[in-house]
Amino acid sequence: MTTHRFQHKHVISLRDFSPEDIDLVLQVAESFKEISTRSIKKVPTLRGKTIINLFFEPSTRTKLSFEIAAKRMSADTFNISASTSSAKKGESLVDTARNLEAMNPDIIIIRHSSSGVPYLLANNIKSSIINAGDGTHEHPSQALLDMMTVKENKGTLAGLKVAIIGDITHSRVAHSNIIGFSKMGADVHVAGPSTLIPPGIEKIGATPHLSINNAVKDADVVMALRIQKERQEDPLFPSLREYATFFGVSRKTLQFAKPDALVMHPGPINRGIEMTADIADGSQSVILEQVTNGVAIRMALLYLIMGGEGGA
Amino acid sequence: MSQESLLLKNARVIDPFSKTDAIGSVLVNKGEVSFFSQDQELPTASQEIELSGKWLVPGLIDMHVHLREPGEEYKETIVSGAKAAVAGGFTAIACMPNTTPPTDNQQAVTLILQKAAQADAKIYPVGTISKGIQGSEIAEFGEMQEAGAVAFSDDGRPVSNSQLMRRAMEYGLNYGATLISHSEELSLCHKGAMNEGNWSTRLGLRGIPRAAEEIAVYRDLALANYTGCPLHLAHISTKESVSLIRRAKKKGWPVTSETAPHYFSLTEEAIGQYDTYAKMNPPLRTQEDVDAIKEGLKDGTIDVIATDHAPHSDLEKTLEFDMAANGIIGLETAVSLTLNLVREEIISAAKMVELLSMNPAKILGVDGGKLFEGGAADITVIDPERTYTYTRENVVSKSKNSPFLDWDFTGKSVLTIVAGRVVFNDL
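Residues numbered from 1 in each chain as written. Chains lettered and ligands numbered in written order. Predicted model: local features only at pLDDT ≥ 70, side-chain atom pairs only at ≥ 80, totals over all residues. Heavy atoms only, no water.

Quick look at the sheet that holds strand β5 (residues 161-165) of chain A now. Residues and elements named next belong to chain A. Here 5 strands make up an open sheet; going across it, the order is β7-β6-β5-β8-β9 and the pairing parallel. With one partner strand each, in any of the chains shown, β7 (206-209) and β9 (262-264) form the two edges of the open sheet. Direction aside, the axes of adjacent strands within the sheet are offset by 20° on average. Taken together, the 4 bridges between strand β6 (residues 187-191) and β7 define a ladder with parallel strand orientation. Among the inter-strand pairings, V190 is bridged to a residue of β7, identified as P208. Running at roughly 165° to β9, helix α6 (residues 140-154) makes contact with β8 (221-224) and β9 of the sheet. (Pairing = 2+ DSSP bridges. Helix = DSSP H or I, 4+ residues; strand = E, 2+ residues; numbered from the N terminus. Axes fitted to C-alpha atoms, helices over the stretch in contact; angles between N-to-C directions. Contact = heavy atoms within 4.5 Å.)

What follows is the structure in structure tokens.
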């Protein structure tokens, strides 16, 4: 095991992580993965620690994944589902956070529709903050579990070609994955309707393509992103049908990728839109492995943030 | 007006209107300002102030200030804003009408001027272009002007309806009105929080493309040319806007323009980790734009430096970035930031005085902007060498929302005289 020490108090952006940090998280996660396969799926590591899930956006799997991770480490967890509209009724986000802080939690896991909110909390309260997705900024634990899944299947991340297809502009998953995979030496390519490819994406570390076939050409990993149907105030593309035809990942698309390319999706999938059902359920799909690894990654993050050593 | 006479000795006297730039002394006596060169014998005065090494210039005029009174007095009042103004070297400020309720009628203008009687700086109200800033009917320019409004603007919002803008310009001709345009194509920046580009992508924030300003700048230029109404373009922030204005001026269109110190001092990178004190509209742009703004100031395309002083409390600023209010305070940092341009030799000291005093006076048609021959005994003294750190504790404005907090500066205003009376002294 590595002797690299994890120095971070918060997990907000993968930009703050070195390749050694990412390696360490993946290694610790691997070592924790076994816990989830035991008949008694619990270790006492975080006994007496208080963890609050503060979710301002609806979430099923991420919230559950963090909660299961915390419980398997024996931490006490509390869930708060708030809506941003209730914040408008009076209490500001910082006030909410300060009230939570007064109850002495060790970690606050935050999801919010506004980019940058984890920094706002970190600047105003003393608890550790884990970003479970902020607006269209980042979703670091998702990218870590994606990297873990790829590494398990491919043995390495360096030198791989990763193609991410779909709504890059509004995807915090894409942003964290672009940062993470390129830090680990992978070559990241993106494609989708040009209305959904943000300016300067190459500065973040991804090569944009107009054709999805070019993006997935010889790729080791093909990741499709969830398309949000509810962005009607901005005319981004004409119809889901046309989206599925030209930007959906299908058997035809995969012909351009390497024969053993992994198929990934951060979920939840709109089957038949961003990905055909046969691909999502096919032999190349690792979508459910991503979910399994999510718990291990989140256990590792909670452990490392609470001062755990590399050789767990 | 002070009954006493005041002798300001041995300053560098810079007055672009009379083309003065010389070491000498200035006597302020019963509202008359007169110059004495170094060889002349100095008159006696009831008060004397030694100013060697300092610049003595006509009182600075900020033609773009939000005073928040009436309606949001917890952010700023007419009196508190005027205190910040004189601390920053401004002897007069024009206040934008987007208060609650807006300054869209004669009574509202009168109310501001009544309150202004208690203020340290001279206050020039700007009336709205449209009733209630609703963008549908022209406000009463004639009545507001009679009450003391110096220009008209819906600032804070664009006049989106082109026909209304055109009619307002035509109607303004009867009153010799100057319209100040907040030029922005709103449909391009739906919920935008910062400049659109590499950094908005990196931060995951919705962008406001530069084209949103440029399209609207061109519309307003075209309408000014078509109607002949004098147009002043507020807070110019992009390279292409500067080019469009340069071209319009070359063609002789009746146009002037302003930028704010933050647009030549900061880029979008100042947002850093979602610093809401770097959030304003138009947003901070890129280095390319900063360079073009500086070029525009240098070659006269941009006539005025105005602060767009926009006070907000922590209630509006300690929030999620996309929910935080737009705007920063600027009255107290404008002189120091503009002096940076003088030190970089982008503009001369005389040009600085044109941008901050002579030109705004001319555009608004108000007294001042010059020292002698009917100058208003409004005087600003600047120490170009004074070093200081601008801290939150030092902020005079009621609100503290400045991206320049904790910056070290060289040069500041040290003495401000309004109508012959010393209203600020940091000598």
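Here the narrative resumes.
Moving on to helix α4 (residues 93-101) of chain A. Residue and element names in this part refer to chain A. Here α4 has its buried residues at L93, V94, T96, A97, L100 and E101. Mapping the buried residues of α4 onto a view down its axis gives an arc of 160°, with all of them on the same face. For α4, the elements touching its buried residues are β1 (50-55), β2 (76-81), β3 (107-112) and α5 (117-124). (Buried < 20%, exposed > 50% of the residue type's maximum accessible area, 1.4 Å probe, protein only. Arc of directions from axis to C-beta.)

Within this structure, the stated rule accounts for 13 aromatic pairs over all chains. Between F35 of chain B and F372 of chain B, the aromatic rings sit 6.2 Å apart at their centres with planes inclined by 65°, giving edge-to-face as the arrangement. One end of the pair, F35 of chain B, is in strand β3 (residues 32-37); the other, F372 of chain B, is in the loop between α12 (349-364) and β16 (379-390), and 337 residues separate them in sequence. For F35 of chain B, a relative accessible area of 26% corresponds to the partly exposed category. Here the aromatic rings of F141 of chain B and F152 of chain B are separated by 4.3 Å at their centres, their planes lie at 20°, and the arrangement is stacked. Placement of the pair is F141 of chain B in helix α3 (residues 141-147) and F152 of chain B in strand β9 (residues 151-153), with a sequence separation of 11 residues. Members of the aromatic cluster, connected to one another through ring pairs, are F141, F152, Y171 and Y175 of chain B. Above the plane of the ring of F66 of chain A lies R298 of chain A, whose end atom (NZ or CZ) is 4.9 Å from the centre. (Phe/Tyr/Trp six-rings, centres within 6.5 Å; stacked < 30°, edge-to-face > 60°. Lys NZ or Arg CZ within 6 Å of the ring centre and 35° of its normal.)

With that out of the way, let us pick up the domain arrangement of chain B. Think of interface size as the accessible area that goes away when the parts come together; that is how it is often given. Residue and element names in this part refer to chain B. One can read the domain layout of chain B as domain 1 (5-56 + 374-425) and domain 2 (59-364). Centre-to-centre separation of domain 1 and domain 2, based on C-alpha positions: 26 Å. Taken residue by residue, the interface counts 38 residues in domain 1 and 46 residues in domain 2. Summed over both partners, the interface of domain 1 with domain 2 comes to about 3300 Å²; 64% of that surface belongs to carbon and sulfur atoms. (Domains from an automatic or database assignment. Buried area = accessible area lost by both parts, 1.4 Å probe.)

Residues and elements named next belong to chain A. In the contact formed by helix α2 (residues 61-72) and helix α13 (residues 287-305), the axes pass within 8 Å of each other and the chain directions differ by 55°. Judged on the interaxial angle alone, α13 and α2 are oblique. For the element pair α2 and α13, the recorded crossing hand is right-handed. Contact residues: α2 offers R61, T62, S65, F66, I68, A69, A70 and R72, while α13 offers V291, G294, V295, R298, M299 and L302. For the contact of α2 with α13, a count of residues per class yields 8 nonpolar, 3 polar and 3 charged. (Parallel < 35°, antiparallel > 145°, perpendicular 65-115°, else oblique. Left-handed = near helix turned anticlockwise from the far one by under 90°. Nonpolar A, V, L, I, M, F, W, Y, C, P; charged D, E, K, R; others polar.)

Let's shift gears to the nonpolar core. All names here are of chain B. Counting residues in hydrophobic clusters, the biggest one holds 111 residues, and the most contacted among them are W55, I123 and M352. Residue-level mapping places this core at the junction of two domains, with at least three residues from each of domain 1 (5-56 + 374-425) and domain 2 (59-364). Setting aside residues up to four positions removed in sequence, I123 forms contacts with L67, I78, A82, I93, C95, I112, L113 and A116. (Core = buried A, V, L, I, M, F, W, Y, C linked by side-chain atoms within 4.5 Å.)

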